[in-house]
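Fold and contact review
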Amino acid sequence: MREIALHLLDIAENSAAAASKNVSIQVHEDLLRDRLTACVIDNGRGMDAETARQVQDPFYTTRTTRKVGLGIPLLKLAAEQADGSFSLQSEPGKGTRVEAEFRHSNIDRMPLGDLSSTFLTMLIAHPEIDWTFMYQVTEKDSQSRDFVFESAELKSELQDVSLTEPEVLTFVRGLLEEGIEAAALQTVAE
Amino acid sequence: MPAIKSFDELKRIREEALQKKQMKATPGNVQVIVAMGTCGIAAGARDTMKSVLNYIENEKVSGVTVTQTGCIGLCEQEPIMQVVLGDQPKVVYGKVNAQVAEKIMKQHVQHGQPVKENIIQI
């Protein structure tokens, strides 16, 4: 994976596969604390403690097509290599929370990447899920901006019209791109 | 393109989309499925998806359902994309980068001609 945004897409796919009704993707670029935090929280079927431990091992997977599962171990490695940390909390029947933290200035931290494409892809691929996307930025002088998007509102407006109708796509893509661009860091170019 | 941000705007867009959809009677359901397991994503599935969506937007193609599937066990062929036209059998494509995706949208989805060189025989 070349971007944190691609990891988020991958982890959120796990949430969708776990039959979640609500999934929240939260990203915080915090220059004040020199941290980048990325979090996926779902209310899917969850895992017991043993499974939650095993999924962090690349040679474990719940899938049957292959004997390796790399999504979670790859993100864990990426975070740990960038002076960060990884945590996974899960409870059967309640849901799962995956959090990866990176040192923002670490040379090995991969770029955040194209967050709006990740968000748009999840919206289109899983219209049945109520998504919350949150992107927060804290500058060195502690000024803070954020962008929050909730798909439930969009869905109730659209009713029976699909997200993949061209006019609707243009609207949603514009909404995500403009929102993220307006909140993004101005001092750091990626 | 003018900035469109408000949900009032979305109401109008919804009405328009609905009218256009009724005008164009699509012959059956058109489904485009992008594989998005870890292998697919690492190989560029998001770019494939983006290319499909761009095509729909730019060419104003109405009535296409875009969805995803997980890893189908052909990781070496990723990014994988599948096309289902109405009652016809599913066509599975391999190594679908953004350019190939655009070609598939044009030739297969819009004109019913599968892109033979990228089909995977299962």
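Note that the structure is predicted; figures quoted are calculated from it, not measured.

**Brief notes about the overall build of chain A**
Within chain A one finds six helices and six strands. Starting at the N terminus, the α and β elements of chain A follow one another as α-β-β-α-α-β-β-α-β-β-α-α. Taken over the C-alpha trace, chain A has a radius of gyration of 17 Å; the compact-globule value for 190 residues is 16 Å, and the two agree within 12%. For chain A, the spread of C-alpha atoms along the principal axes amounts to about 45 × 45 × 25 Å. Residue burial in chain A is summarised as follows: out of 190 residues, 54% are buried. In chain A, once contacts between residues fewer than 6 apart in sequence are set aside, the share between residues at least 24 apart is 63%. Within the structure as shown, chain A displays about 8,600 Å² of accessible surface, and the carbon and sulfur contribution to it stands at 50%. Put simply, chain A has 18 plus and 32 minus side-chain charges, and the middle of one group is 8 Å from the middle of the other.

**Here we look at the confidence of the model for chain B**
The share of residues in chain B with pLDDT of 70 or more is 89%, and the mean pLDDT across the chain is 88. Interface confidence in the predicted complex, given as ipTM, is 0.87; pTM for the same model is 0.89.

**Points about the sheet that holds strand S4 (residues 95-103) of chain A**
All names here are of chain A. Spatial ordering of the open sheet is given by S3-S4-S2-S1-S5-S6, a layout of six strands whose pairing is mixed. Every interior strand has two partners, whereas the edge strands, strand S3 (85-91) and strand S6 (144-150), have only one. Put simply, the sheet's adjacent strands are angled 5° from each other on average, direction ignored. Packed on one face of the sheet, helix H1 (residues 4-17) meets strand S1 (22-30), strand S2 (35-42), S4 and strand S5 (130-138) and runs near 20° to S2.

**Remarks on the sheet that holds strand S4 (residues 91-93) of chain B**
Residues and elements named next belong to chain B. Spatial ordering of the open sheet is given by S2-S1-S3-S4, a layout of four strands whose pairing is mixed. On the outer flanks of this sheet lie strand S2 (64-69) and S4, each paired with one strand and no other. Strand-to-strand, the axes of this sheet are offset by a mean angle of 20°, without reference to chain direction. Taken together, the six bridges between strand S1 (residues 30-35) and S2 define a ladder with parallel strand orientation. In the sheet register, Ile-33 faces S2, and the bridge partner there is Thr-67. Sheet strands touched by helix H3 (residues 45-59): S1, S2 and strand S3 (81-85). Its angle to S2, the strand with the most contacts, is close to 175°.

**Structural notes on the interface of chain A and chain B**
Chain A puts 39 residues into the contact, and the matching count from chain B is 41 residues. In this assembly, chain A packs against chain B so that about 3,600 Å² is buried in total across both faces, 63% of it on carbon and sulfur atoms. Among the residues of chain A in contact with chain B, Glu-157, Glu-167 and Phe-171 of chain A are the three that bury the most area, contributing 18% of the side total. For the salt bridge of Lys-11 of chain B with Glu-157 of chain A, the shortest nitrogen-to-oxygen distance reads 3.8 Å. In this assembly, chain A and chain B are joined by 15 residue pairs in polar contact (both at pLDDT 80 or more). If one sorts the elements of the side of chain A that touches chain B by residue count, helix H6 (residues 166-183) of chain A sits on top with nine residues. Class assignment for the residues of the side of chain A that touches chain B results in 17 nonpolar, nine polar and 13 charged.

What counts and what doesn't
- Residues numbered from 1 in each chain as written.
- Chains lettered and ligands numbered in written order.
- Predicted model: local features only at pLDDT ≥ 70, side-chain atom pairs only at ≥ 80, totals over all residues.
- Heavy atoms only, no water.
- Helix = DSSP H or I, 4+ residues; strand = E, 2+ residues; numbered from the N terminus.
- Rg over C-alpha atoms; globule rule 2.2 N^0.38 Å.
- Buried < 20%, exposed > 50% of the residue type's maximum accessible area, 1.4 Å probe, protein only.
- Contact = heavy atoms within 4.5 Å.
- Areas by Shrake-Rupley, 256 points an atom, 1.4 Å probe, with all protein chains shown as cover.
- Lys, Arg positive; Asp, Glu negative; His and termini not counted.
- Charge placed at Lys NZ, Arg CZ, Asp CG, Glu CD.
- pLDDT = per-residue confidence, 0-100.
- Pairing = 2+ DSSP bridges.
- Axes fitted to C-alpha atoms, helices over the stretch in contact; angles between N-to-C directions.
- Buried area = accessible area lost by both parts, 1.4 Å probe.
- Salt bridge = Lys/Arg side-chain N within 4 Å of Asp/Glu carboxyl O.
- Polar contact = N/O pair within 3.5 Å; in protein donor to acceptor, adjacent residues only side chain to side chain.
- Nonpolar A, V, L, I, M, F, W, Y, C, P; charged D, E, K, R; others polar.

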